[in-house]
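Understanding the architecture of this molecule
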Amino acid sequence: PSSRAGASGMRDRLRETLGFLGVVGSLVFVGWEIRQSNVQARAAAYQAIGIATSDYHANMDARLVRLAADAAYPEAIQTWDRDDWLILWRSVMAGLRLAETVLLQSQQGVLPDEAMEQLGYAYFGRGFLTQPAIACIWPELRNAVGTSMREYVEQTPQSARPTCPVPPDSLPTASYRLAPEN
């Protein structure tokens, strides 16, 4: 009888060991599946942002390119009309939304910390607020983005930020900017 009890005890230990190994194997498999899912999510995020960024740049016309180039020169932006400001405002808002998406996905761990740099959006944390035209529209734009994006953009020291060289009544109002195009 004692050899029978010993064999029974060994079988129990063998079953427990096999059960334990089965659980460990299942956990390893689930971990691998989660990792694969994260890799796929990251790749999809990069692809979606890449496509949106390409579309954003592809839709820039000659006027917007000129406005973007003039944005650094106070004397140039003083000649802009309301439609010029409207075009710049909408373009900058679209760019901020793309950058904010990258920043949020980075903060959530979907994209790596260096995604803003890799995808070309680090400018919003460096030279963005040094542009005179941006100095004119940032006070309103800052309220249209989330806290994380606002903090990212406002890394630029106050001493590096110009003041708006254009009288506020020359800038389009919110109702003008949001009005449907004809």
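This write-up is about the structure you can find in this document. Counting of residues starts from 1 at the beginning of each chain's written sequence and follows it residue by residue. Selection of residues for local features in this predicted model requires a pLDDT of at least 70, selection of side-chain atom pairs for listing and counting requires 80 or more, and totals for whole chains, interfaces and linings are taken over all residues. Calculation of side-chain values draws on the structure's entire complement of heavy atoms; hydrogens and water are dropped beforehand.

1. Regarding the side chain of Gln-131
To be explicit about the condition: For helices the rule is a DSSP run of H or I covering at least 4 residues; for strands it is a run of E covering at least 2, with both sets numbered from the N terminus onward. Every residue pair with non-hydrogen atoms within 4.5 Å of one another is taken to be in contact.
Here Gln-131 is to be found in the loop between α5 (115–118) and α6 (132–141). Dropping the residues within four chain positions of it, Gln-131 is found in contact with Ala-71, Ala-72, Tyr-123 and Pro-162.

2. Some words on the pattern of salt bridges
Pairs can form between side chains of opposite charge whenever their charged atoms are close. Stated formally: Whenever Lys or Arg places a side-chain nitrogen within 4 Å of a carboxyl oxygen from Asp or Glu, that contact is recorded as a salt bridge.
The full count for this structure, using the stated rule, is eight salt bridges. Ionic pairing is found between Arg-63 and Asp-84, a salt bridge with its closest N-O pair at 2.6 Å. Of the two residues, Arg-63 sits in helix α2 (residues 62–70) while Asp-84 sits in helix α4 (residues 82–107), which places them 21 residues apart along the sequence. One salt bridge connects Asp-70 with Arg-66, and the closest N-O pair in it is separated by 3.2 Å. Taken together, the residues span about one helical turn, with Asp-70 and Arg-66 both in helix α2 at a distance of four residues. Overlapping salt bridges, with partners in common, bring together Arg-63, Arg-66, Asp-70, Asp-81 and Asp-84 in one network.

3. A short note on the nonpolar core
Applicable threshold: Definition of nonpolar core: a set of buried residues of the types Ala, Val, Leu, Ile, Met, Phe, Trp, Tyr and Cys, connected through side-chain atoms within 4.5 Å. Remark: exposure states derive from per-residue accessible area (1.4 Å probe, protein chains only) relative to the maximum for the residue type, with buried under 20%, exposed over 50%, and partly exposed in between.
In this structure, Trp-85, Leu-96, Tyr-121, Phe-124, Phe-128, Trp-138 and Met-149 are the most contacted members of the largest nonpolar core, which totals 37 residues. Every element with two or more residues in this core is listed here: α1 (2–58), α4, α5, α6 and α7 (147–153). Examining the composition of this core, we find that 10 residues originate from one element, α4, more than from any other. Discounting residues that sit within four places of it in the chain, Met-149 has contacts with Leu-96, Ala-99, Glu-100, Leu-103 and Phe-124.

4. As for the state of the cysteines
Stated precisely, the cut-off is as follows: Two cysteine sulfur atoms form a disulfide, by the criterion used here, when they sit within 2.5 Å.
Summed over the entire model, instances satisfying the criterion amount to one disulfide. The partner cysteine of Cys-136 in its disulfide is Cys-164, sulfur to sulfur 1.9 Å. As the torsion about the S-S bond is roughly 95 degrees, the Cys-136-Cys-164 disulfide counts as right-handed. Residue Cys-136 is found in helix α6, and its partner Cys-164 is found in the loop between α7 and α8 (174–178); the two are separated by 28 residues along the sequence. Judged by its relative accessible area of 27%, Cys-164 falls in the partly exposed class.

5. Section: the packing of aromatic side chains
Each aromatic ring pair is characterised by the separation of its centres together with the angle its planes make. Test applied: The rule is short: rings of Phe, Tyr and Trp, with Trp giving its six-membered ring, pair when the centres are within 6.5 Å, and they are stacked under 30 degrees, edge-to-face over 60, tilted in between.
Overall, the coordinates contain six aromatic pairs when judged by the stated rule. For the pair Trp-80 and Trp-85, a centre-to-centre distance of 4.7 Å together with 65 degrees between the ring planes defines the contact as edge-to-face. When the ring of Phe-128 is compared with that of Trp-138, the centres are 6.0 Å apart and the planes differ by 90 degrees; the resulting orientation is edge-to-face. One end of the pair, Phe-128, is in the loop between α5 and α6; the other, Trp-138, is in helix α6, and 10 residues separate them in sequence.

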